[in-house]
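Residue-level structure breakdown
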Amino acid sequence: MIQKKIAASLLLCLTLFGTNSCMRNEMPVKQSTSRTKLDHLIIKEVFYIGHYWFRDTRKWGMKKFNQLYNEDQYITIYNPTDEVKYLDGLALCINAIDPTKAIQFAPKDDFVNKYYGASAISYFPGKGNDYPVKPGQTIVVAKYAIDHKKQYEKELEGENLKLYVGFDDFLDLSKADFEWTNINYDPGKKNNPDVPDLNAILTVKDSKGNIGAYHNFSDITESCGIALIKMPWTSEEFAKNYEDTKDHRGYLHYITVTNTSFSDFYAIEVPLQNVIDCMTICPRRLFQIRPSKLDRGYNAVMDNSKSGTDQNDYPKYSGLALTRKWDGKKFVDDNNSTADFEVKKASLSRKNDKEKPKNQ
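Below: a short report on this structure. (Residues numbered from 1 in each chain as written. Predicted model: local features only at pLDDT ≥ 70, side-chain atom pairs only at ≥ 80, totals over all residues. Heavy atoms only, no water.)

1. A closer look at the sheet that holds strand E3 (residues 42-47)
Taken together, the six strands give an open sheet; going across it, the order is E13-E11-E6-E3-E21-E22, and neighbouring strands pair in mixed fashion. Only two strands of the sheet have a single partner each, and these edge strands are strand E13 (178-179) and strand E22 (341-345). (Pairing = 2+ DSSP bridges. Helix = DSSP H or I, 4+ residues; strand = E, 2+ residues; numbered from the N terminus.)

Written as structure tokens, this is what we have:
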């Protein structure tokens, strides 16, 4: 009888151990297999680090400085399903939390596993079925849908181009499907008028008719979260109801931070069920925030921040992207950026790409 009780106790312990081994922070660990089918659009690739370049001034006895050009950023969205999906009503978001910061929230403001807190949202145009994504189709969303090499040459007009090394690798994104910058309020003035633009979640006209954009997707930084979401409201509804009133809780929340190292901030509340796919970019040596229900990991091209990386190492990272892993039958989606993405050469690199100039 005693042996039976011991055996039963051991069985219970093993069962509990097995259950806990599949949990982290009380969250089930998603583990796909080669037979797992994806039923939603995915973020397939994120190119954010750019390309290194330098102006060769060594013949004048001056030290050269490697720099990174990252205006040729882009994101690709892929349809892994067997049915047509639509971009109409979808948006790209930047998370309000910097993953390199160990933030302590006021108890009522700890939203990490309550909703997706966005600092920026720009949404795709369309009225419902205007922008289909066919099965197996990849959509390219660029910051600027231009030939960045030609643009750079234009900006260097009158200069001796032979002194500039690296800009031959700048991407040609003129055939991108969308731009996340918008021609009506593009501060860089590089927007391609022939490519559809994403729209900022909130715009305001001044007395002169100039449009100002607020909380819009503008850049992919070296430490951020990115999400593809289904819009929980229209832009008109957001503009009308984003602020808190006496009778209504708005969509934009003031978040109180209790550790004195960091400032309070605002976050736009996106329900977790509206997040179609997301990922986290963070240099591997700097990750601080705890995992969330939506993403248990992080990934990056660089091990450290740009400022913490030796300029002589820039060529090692130049032209690299975070790319969704392929397991031989499908793209991996385990809600874990560490496992889901790998560092590879950007898929939109120039076809006649030559060996990058050596950093002499």
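2. As for the packing of aromatic side chains
For the coordinates displayed, the defined rule picks out 23 aromatic pairs. Aromatic pair Phe-105 and Phe-265: ring centres 6.4 Å apart, planes at 65 degrees, arrangement edge-to-face. On the criterion of sequence distance, the pair formed by Phe-105 in the loop between strand E8 (90-95) and strand E9 (115-123) and Phe-265 in strand E19 (residues 265-271) is long-range, its members being 160 residues apart. You can call Phe-105 buried: its relative accessible area is 12%. Seen in terms of ring centroids, Trp-233 and Phe-238 are 5.0 Å apart; in terms of plane orientation they differ by 45 degrees. Their pairing is tilted. (Phe/Tyr/Trp six-rings, centres within 6.5 Å; stacked < 30°, edge-to-face > 60°. Buried < 20%, exposed > 50% of the residue type's maximum accessible area, 1.4 Å probe, protein only.)

3. Some words on the nonpolar core
Ranked by size, the top nonpolar core spans 37 residues in total, and within it Ile-75, Phe-124, Ile-220 and Ile-226 carry the most contacts. Aside from chain neighbours lying at most four places away, what touches Phe-124 is Ile-77, Leu-87, Gly-89, Leu-90, Ala-91, Leu-92, Val-141, Phe-178, Leu-198 and Leu-228. One finds Tyr-116, Val-270, Leu-272 and Leu-294 within the second-largest nonpolar core, a separate group that totals 22 residues. (Core = buried A, V, L, I, M, F, W, Y, C linked by side-chain atoms within 4.5 Å. Contact = heavy atoms within 4.5 Å.)

4. Notes on the sheet that holds strand E4 (residues 51-55)
Strand-to-strand pairing in sheets goes through backbone hydrogen bonds, with the strands running parallel or antiparallel. Ordered by their spatial adjacency, three strands build an open sheet running E5-E4-E12, and the pairing between neighbours is antiparallel. On the outer flanks of this sheet lie strand E5 (67-69) and strand E12 (164-165), each paired with one strand and no other. Sheet analysis places E4 next to E5, joined by three bridges and oriented antiparallel. Counterpart to His-51 in the pairing with E5 is Tyr-69.

5. Observations regarding the pairing of E9
In terms of burial, E9 is a largely internal element, eight of the nine residues being buried. Sheet topology places E9 next to E19; four bridges connect them, and they run antiparallel. Note on E19: the bridge partner recorded for Tyr-115 is Pro-271. Both E9 and strand E14 (residues 199-200) contribute to a ladder of two bridges, which runs antiparallel. If you follow Tyr-123 over to E14, its bridge partner there is Asn-199.

6. Structural notes on empty space enclosed by the protein
If a probe as big as a water molecule is rolled over the atoms, it shows which places are left empty. Within the structure shown, the criterion is met by two cavities of 30 Å³ or more. Taken as a whole, the largest cavity encloses approximately 260 Å³ of empty space. Lining the largest cavity are 23 residues, with Asn-95, Tyr-116, Thr-280, Ile-289 and Ser-292 sitting closest to its centre. Of all elements in the fold, only E9, strand E17 (224-230) and strand E20 (275-281) reach the threshold of two or more residues within the lining of the largest cavity. Across the lining of the largest cavity, the residue classes tally to 15 nonpolar, six polar and two charged. (1 Å grid on protein atoms, 1.4 Å probe; cavity = no way out; pocket = protein on both sides within 12 Å on 5 of 7 lines; lining within 4 Å. Points joined across faces, edges and corners; volume = space filled by probe spheres on them. Nonpolar A, V, L, I, M, F, W, Y, C, P; charged D, E, K, R; others polar.)

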